[in-house]
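This is what each chain is made of:
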Amino acid sequence: MAEEKKLTEETKEEVQEAAEEVKEEARPLSSTEANRKKKAERREAKAARKEANKVEEKKRRPNNGVLAILIFGVLIGMFVFVGVYNHFSKPANIEKYMEENSMADMYTDAPVDEYTTVTMKADKNTLKIWLKIAEDAPEEIVEQYQGEDGTKLLKQWGAYYLTSFRPQARGMGAEVKVKAKQGDESVNYVRMSYKEAKKFLEEAQEEAEEEAEEAGDDAEAEDTETESDGE
């Protein structure tokens with residue numbers, strides 16, 4: 001009985017506390033409290049609307065990665081279009097390039113020196129260069145086209161003109177054939193692909209730079225030695 005009485009009293013207390021809370025909530029708010037409550041509700045509503053707008057805006061706004069792809073895609077497309085246009089606006093091959101630029105007459109028996117002329121023609125992307133040495137040419141003229149030095153000289157001719165003409169025309173591969181002849185006799189002959197011609201010029205450029213550097217070092221050393229002697 002004591003326990004039942006105790007439980008009844010606790011239950012009465014809980015019911016009384018709940019009633020007081022309801023009564024407190026139902027109690028009319030003062031004007032200050034009402035204003036504060038309205039402001040708080042407005043702030044909460046504003047924050048909720050702002051967050052909802054952010055979410056909606058994020059959904060509508062394209063991803064930065066997508067934008068980057070679109071922008072760079074357009075730029076790449078423009079470069080590809082220009083590159084393709086420029087490529088197909090070129091002559092079909094070196095032969096056509098020479099024809100369009102009236103090079104056939106320009107490079108027919110053109111004088112190189114007093115005893116040598118050059119004739120240059122093309123068969124599609126094969127460039128052909130003939131160096132014709134006069135029958136009465138001195139021996140030293142003929143010798144400059146012979147041996148290792150002569151081969152290097154012919155390669156210089158071929159590499160220079162092939163690398164100059166080839167980028168101006170379409171087609172996949174290209175080559176050059178250079179022959180030095182005196183009358184019906186062949187003095188020397190070289191044949192180079194476009195790749196070989198470019199490599200030859202690159203190596204020649206490196207060799208020239210090294211020689212220039214060595215010459216500069218020698219000149220500097222001579223100046224230093226002269227100054228030492230003067231002292």
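Quick caveat: nothing in here was measured; it's all calculated off a predicted structure.

J.: Describe the pattern of salt bridges, listing the residues and the values that go with them.
T.: Scanning all chains against the criterion turns up three salt bridges. Between E207 and K152 there is a salt bridge, and its shortest N-O distance comes to 3.5 Å. Of this pair, E207 sits in helix α8 (residues 194-230) while K152 sits in helix α7 (residues 147-165), and the two are 55 residues apart along the sequence. A salt bridge links E175 to R191; the shortest N-O distance between them is 3.0 Å. Of this pair, E175 sits in strand β4 (residues 175-182) while R191 sits in strand β5 (residues 185-193), and the two are 16 residues apart along the sequence. A residue is classified by how much of its surface remains accessible, and E175, at 18% relative accessible area, is buried.

J.: Break down the nonpolar core for me, with residues and values.
T.: Within the largest apolar cluster, 33 residues are counted, with the highest numbers of intra-cluster contacts made by I94, M98, L127, I129 and F165. Every element with two or more residues in this core is listed here: α4 (94-100), β2 (116-123), β3 (126-133), α6 (139-143), α7, β4, β5 and α8. Per element, the largest residue contribution to this core is six residues, and it comes from α7. Every residue in contact with F165, bar those within four places of it in the chain, is listed here: I94, Y97, M98, M103, Y107, M120 and L127.

J.: Could you give an account of the pairing of β4, naming the residues involved and the relevant values?
T.: Here eight bridges tie β3 to β4, and the two strands are oriented parallel to one another. In the sheet register, I129 faces β4, and the bridge partner there is V178. Bridge analysis of β4 against β5 gives eight bridges, and the strand direction is antiparallel. The residue of β5 that forms the bridge with Q182 is E185. What sits between the antiparallel neighbours β4 and β5 is a turn of two residues, in which G183 has the positive phi angle 65°.

Calculation criteria
- Residues numbered from 1 in each chain as written.
- Predicted model: local features only at pLDDT ≥ 70, side-chain atom pairs only at ≥ 80, totals over all residues.
- Heavy atoms only, no water.
- Salt bridge = Lys/Arg side-chain N within 4 Å of Asp/Glu carboxyl O.
- Helix = DSSP H or I, 4+ residues; strand = E, 2+ residues; numbered from the N terminus.
- Buried < 20%, exposed > 50% of the residue type's maximum accessible area, 1.4 Å probe, protein only.
- Core = buried A, V, L, I, M, F, W, Y, C linked by side-chain atoms within 4.5 Å.
- Contact = heavy atoms within 4.5 Å.
- Pairing = 2+ DSSP bridges.

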